[in-house]
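Coordinates in review
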Amino acid sequence: MASLTQYLTQLFQQTLTELGADPSYGQVIPSNRPDLGQFQANGALAAAKSLKRNPRELAQAILDTLPQKEIFADLSIAGPGFINIRLTDQFLRQQTQHVHDDIRLGLKKVARPRNVLVDYGGYNVAKVLHAGHLRPTIIGEAIRRTFVHAGDHVLGDVHLGDWGLQMGQLIEEIRLRQPDLPYFDPGHTSPYPDDSPVTMDDLLTLYPQASARAKEDEAFAAAARQATYDLQHNHPGYRALWQHFVNVSIRDIKRHLALLETEFDYWLGESDAEPYLLPMIEQLKRDGFAYESQGALVMDVTDPSDKKEMPPLILVKRDGAVLYGTTDLATIAMRVEKFNSEFIIYVVDIRQAMHFKQVFRAAHKSGIAPHVELEHAGFGTINGPDGRPFKSRSGENVTLGEILQMALEKAAERVAEIDNEEAPYTPEERATIARYVGMATIKFADLMNHRSSDYILDMERFSAFEGKTGPYLLYSTVRAKSILRKAAAANLTPGPIVTPTTDVERELLLKLGEWPDMFWQAYHERAPNHLCEYAYLVATAFNRFYRECHILREPDPARQTGWLALTDLTRRMLEQVMTLLNITIPERM
Ligand code: ARG
């Protein structure tokens, strides 16, 4: 099954081929002038040019040759050769019935599934989860779900930041405060304690102190670099202490993620690339890619096509420590070996574009992963009303937890104002609804614009029940569910889809037939905003239909049960899209 535009495009392409023109001119798209037609085909002009024919004449020839005339209610030529298309109501009905009868709502799967790995989240051990980690969580999860739904073999990996200099700084900071801990005792032989000597709160205060100290105190900084080196070279005590940092941090991260309803297939970190580092560096040296420069080991990643300067990728620093890029490169080697990854998508801040360019070049040209597709799906920042990265009232960087809290509080306010006509809410139910509304608020707002744009955090607007918002979509879906529930209570069951007779019905049917177009656009661009847009358009079309067609009061039984089927199809469509966006819908609200 294809979308309506796919179906029409095929007919037009076939026709153009018959007329001796290139089929690529046969693209059909939804019309931007609904008064003239439902769809339009604009390729006749370019096709005529290529054939050296008159465009209007060619457009006429296309209409004369076009097969399946019975599905068109109207075909007309406008201006110099644009073709406007209107489908018959019978054909619209029939196509919508096909979508309805298909559990995948008309969407095919990819012809050849790939092993896709989505690298998202990117939280750091021992550091606070800040606003910059909210976007990769929300966007990465939507992209991961989109690829799963397309039929690819998908893994989500969090790629914890757990291997850099901050680890050595923390180790030294703790040594200063608790020098007697067994982790620092070179003669220690028995197993290390199971309980962490530090809590998450300790880590969150210790780390800023450690990094400040490293800036002022050169001896401390040197010791921290040495500790980082030792940790990276398997010092048993540091390794054990570090494992506590990791465990404590993961527990804290999971607590936040529970609210966001996100789980990862793998909780691997930069450190998991460690076994791959040395062999990789040896190979890069042997094959002549890595060379010494000012005491460091670097790799040239320039390309003849470069217009701007491309700095070399630093693999090993003068002090022997490896860097972010080195672990990223070794992680690619690991992912290829362990997971047979064919395509890796990095959902990471757009400001890291240069880093990924270097790493991807290195992976491709060195033979570490010559055939793996690597893509940086970058995202912009969450800004305050001043257009600069959002800060709390005290001027601090806002944390991920604080943003979630803001969304939840706003949602609780909104939900306190609503009431249910069927049965009043219990306090628990109201709290659950508020949580769903809160998460829908922040997730939809984050996903609704293209990921690469920045946006201004405005909970007031994001949480409104009207407009292009998460709560509006929840509300629309719940409305569809409530109609179906009332119908079931009155012993009405959905029947076959009926032939539309009004424009509001036609519009809804047309929208429901667009799903594959919107889905694949989101898939190919790794851009969930297309899913948001689609959900919004379906919801508004449904709400117009609902206002004009009084389903539960309709006297004609065929119509009534047909409209119920349409309502049910809309519900399934909205639930499908929201599932991909990872937005949970309450039973009622
Ligand atoms: N931990 C990094 C950060 O906080 C993000 C990691 C992204 N993933 C990667 N493979 N580099 O900026």
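Residues numbered from 1 in each chain as written. Predicted model: local features only at pLDDT ≥ 70, side-chain atom pairs only at ≥ 80, totals over all residues. Heavy atoms only, no water.

1. Side note on the site of the ligand
Our working rule: Summary of the distance rule: residues count as near a molecule or strand when at least one heavy atom falls within 4 Å of that molecule or strand. Under the rule applied, a polar contact is a pair of N or O atoms within 3.5 Å (in protein, one hydrogen donor and one hydrogen acceptor; residues adjacent in sequence only if both atoms are side-chain atoms). Only the protein chains shown count as cover for residues, and all accessible areas are computed by the Shrake-Rupley method using a 1.4 Å probe.
In the vicinity of the ligand, the contacting residues are Asp119, Gly122, Asn124, His133, His159, Tyr324, Asp328, Tyr346, Val348, Gln352 and Phe356. Measuring from an oxygen atom of the ligand, one finds a side-chain N or O atom of His133 at 3.2 Å. At 2.7 Å from a nitrogen atom of the ligand is found a side-chain nitrogen or oxygen belonging to Asp328. For the ligand, whose unbound accessible area comes to 350 Å², protein coverage reaches 86%.

2. A short note on the sheet that holds strand β7 (residues 290-293)
Let me state the cut-off plainly: In this description, strands pair whenever DSSP reports at least two bridges between them. Each helix is a run of DSSP H or I of at least 4 residues and each strand a run of E of at least 2, with the numbering of both proceeding from the N terminus. To obtain an axis, a line is fitted to C-alpha atoms, over the contacting stretch when the element is a helix, and the angle between two such axes runs from 0 to 180 degrees between their N-to-C directions.
Strand order in this open sheet of 3 strands is β7-β8-β9, and the pairing throughout is antiparallel. On the outer flanks of this sheet lie β7 and β9 (313-316), each paired with one strand and no other. Across the sheet, the mean angle separating the axes of adjacent strands is 45° when strand polarity is ignored. Pairing analysis gives 3 bridges linking strand β8 (residues 296-299) to β9, with the strands arranged antiparallel.

3. As for the nonpolar core
Rules: Residues belong to a common nonpolar core when they are buried Ala, Val, Leu, Ile, Met, Phe, Trp, Tyr or Cys residues joined through side-chain atoms within 4.5 Å. Buried residues are those whose accessible area, probed at 1.4 Å on protein chains only, stays under 20% of the maximum for their type, while exposed residues exceed 50% and partly exposed ones sit between those limits. Throughout, a residue-residue contact means that at least one pair of heavy atoms, one from each residue, lies within 4.5 Å.
Among the nonpolar cores identified, the biggest contains 189 residues, and Phe245, Leu329, Ile442 and Trp515 are the most heavily contacted of them. A per-element tally of this core places helix α9 (residues 236-260) first, with 11 residues. Among all residues touching Ile442, those that are not within four sequence positions of it are Leu134, Ile138, Ile403, Leu404, Ala407, Tyr455, Leu457 and Met459.

4. Examining the packing of aromatic side chains
We apply this condition: Aromatic contacts are taken between Phe, Tyr and Trp rings whose centres are within 6.5 Å, Trp giving its six-membered ring; a plane angle under 30 degrees counts as stacked, one over 60 as edge-to-face, and the others as tilted. By the criterion adopted, a ring carries a charge over it if an Arg CZ or a Lys NZ lies within 6 Å of its centre and within 35 degrees of its normal.
The full count for this structure, using the stated rule, is 24 aromatic pairs. For the ring pair Tyr123 and Phe264, a centre distance of 6.2 Å and an interplane angle of 85° mean the geometry is edge-to-face. Of this pair, Tyr123 sits in the loop between β5 (115-119) and α5 (134-150) while Phe264 sits in the loop between α9 and α10 (274-286), placing them 141 residues apart in sequence. The two residues Tyr123 and Phe264 agree in class, both being buried. With a centroid separation of 6.3 Å and an interplanar angle of 25°, the aromatic rings of Phe519 and Tyr523 are classed as stacked. Residue Phe519 and its partner Tyr523 are located together in helix α18 (residues 515-525), separated by 4 residues, close to a single helical turn. Each member of the pair, Phe519 as well as Tyr523, is classed as buried. Arg213 extends its terminal NZ or CZ atom over the ring of Phe220, reaching a point 5.7 Å from the ring centre. A cation sits over an aromatic face here: Arg435 above Tyr436, 5.5 Å from the ring centre.

5. A look at the sheet that holds strand β10 (residues 343-346)
Taken together, 4 strands build an open sheet; the order of strands is β6-β5-β10-β11 and the sheet is parallel. Every other strand in the sheet has two partners, leaving β6 (153-157) and β11 (373-376) as the edge strands with one partner each. Sheet twist, expressed as the mean angle between neighbouring strand axes with direction ignored, is 15°. Of the strands in this sheet, β5, β6 and β10 touch α5, which is tilted by about 165° from β6. The strands touched by helix α12 (residues 353-366) within the sheet are β10 and β11, with β11 carrying the most contacts at an inclination of about 175°.

6. Considerations on the packing of helix α11 (residues 324-339) against α12
Here is the rule: Any angle between 65 and 115 degrees counts as roughly perpendicular, while under 35 counts as roughly parallel, over 145 as roughly antiparallel, and the rest as oblique. Helix crossings are classified by the rotation of the near helix relative to the far one: an anticlockwise turn of less than a right angle makes the crossing left-handed, while a clockwise turn makes it right-handed. Residue polarity follows a fixed list, in which Ala, Val, Leu, Ile, Met, Phe, Trp, Tyr, Cys and Pro are nonpolar, Asp, Glu, Lys and Arg are charged, and the others, Gly among them, are polar.
At a closest axis distance of 10 Å, the pairing of α11 and α12 adopts a crossing angle of 45°. Classed by the angle they form, the pair α11 and α12 counts as oblique. Judged by the sense of rotation from one axis to the other, the crossing of α11 with α12 is right-handed. For the pair α11 and α12, contact is made by Tyr324, Gly325, Asp328, Leu329 and Ile332 and by His355, Phe356, Val359, Ala362 and Ala363, respectively. Tallied by class, the residues present in the contact of α11 with α12 amount to 7 nonpolar, 2 polar and 1 charged.

7. Some details on the environment of Glu270
Among the secondary structure elements, Glu270 is positioned in the loop between α9 and α10. For the pair Glu270 and Gly161, spaced 109 residues apart in sequence, the C-alpha separation works out to 5.8 Å. Excluding anything up to four places from it in sequence, Glu270 contacts His159, Leu160, Gly161, Asp162, Trp163, Gly164, Tyr324 and Thr327. In terms of polar contacts, Glu270 uses its side chain to reach the backbone amide nitrogen of Trp163, at 3.2 Å.

8. Some details on helix α8 (residues 218-232)
Along an α-helix, a turn takes 3.6 residues, which lines up residues three or four apart on a common side. Where we set the bar: By this rule the span expected of a helix is its residue count minus one, scaled by 1.5 Å. By arc we mean the arc of the directions from the helix axis to the C-beta atoms, nothing more.
Between the first and last C-alpha of α8 there are 21 Å, a value that for 15 residues agrees with the 21 Å anticipated at 1.5 Å per step. When α8 is considered as a whole, its buried residues turn out to be Phe220, Ala221, Ala224, Ala227, Thr228, Leu231 and Gln232. Along the axis of α8, the buried residues cluster in a sector spanning 130°; they form a single face. Every exposed residue of α8 that faces more than 90 degrees away from the buried side is listed here: Glu218 and Ala219. At its buried positions, α8 is contacted by α6 (165-177), α7 (200-216), α9 and α10. Between a side-chain oxygen at the N-terminus of α8 and the backbone nitrogen of Ala219 the separation is 3.0 Å; the capping residue is Asp217. A positive backbone phi angle near 65° is found at Asn234, which sits one or two residues after α8.

9. What about the pattern of salt bridges?
Keep this limit in mind: Within this document, salt bridges are pairs made up of a side-chain nitrogen of Lys or Arg and a carboxyl oxygen of Asp or Glu, the two lying within 4 Å of each other.
Tallied over the full model, the rule gives 39 salt bridges. Measuring nitrogen to oxygen at the nearest pair gives 3.0 Å for the salt bridge that ties Asp119 to Arg335. Of this pair, Asp119 sits in strand β5 while Arg335 sits in helix α11, and the two are 216 residues apart along the sequence. Taking the shortest distance from any N to any O, the salt bridge between Arg177 and Glu173 comes out at 2.9 Å. With Arg177 and Glu173 both in helix α6 and 4 residues apart, the pair spans about one turn of that helix.

10. Comments concerning the packing of α9 against helix α13 (residues 400-417)
The N-to-C vectors of α9 and α13 enclose an angle of 30°; their axes lie 11 Å apart at closest approach. The angle between the axes of α9 and α13 places the two elements in the roughly parallel class. Between α9 and α13 the crossing geometry is left-handed. Within the contact between the two elements, α9 uses His256, Leu259 and Leu260 and α13 uses Leu400, Gly401, Leu404 and Leu408. Grouping the amino acids of the contact of α9 with α13 by side-chain chemistry returns 5 nonpolar, 2 polar and no charged.

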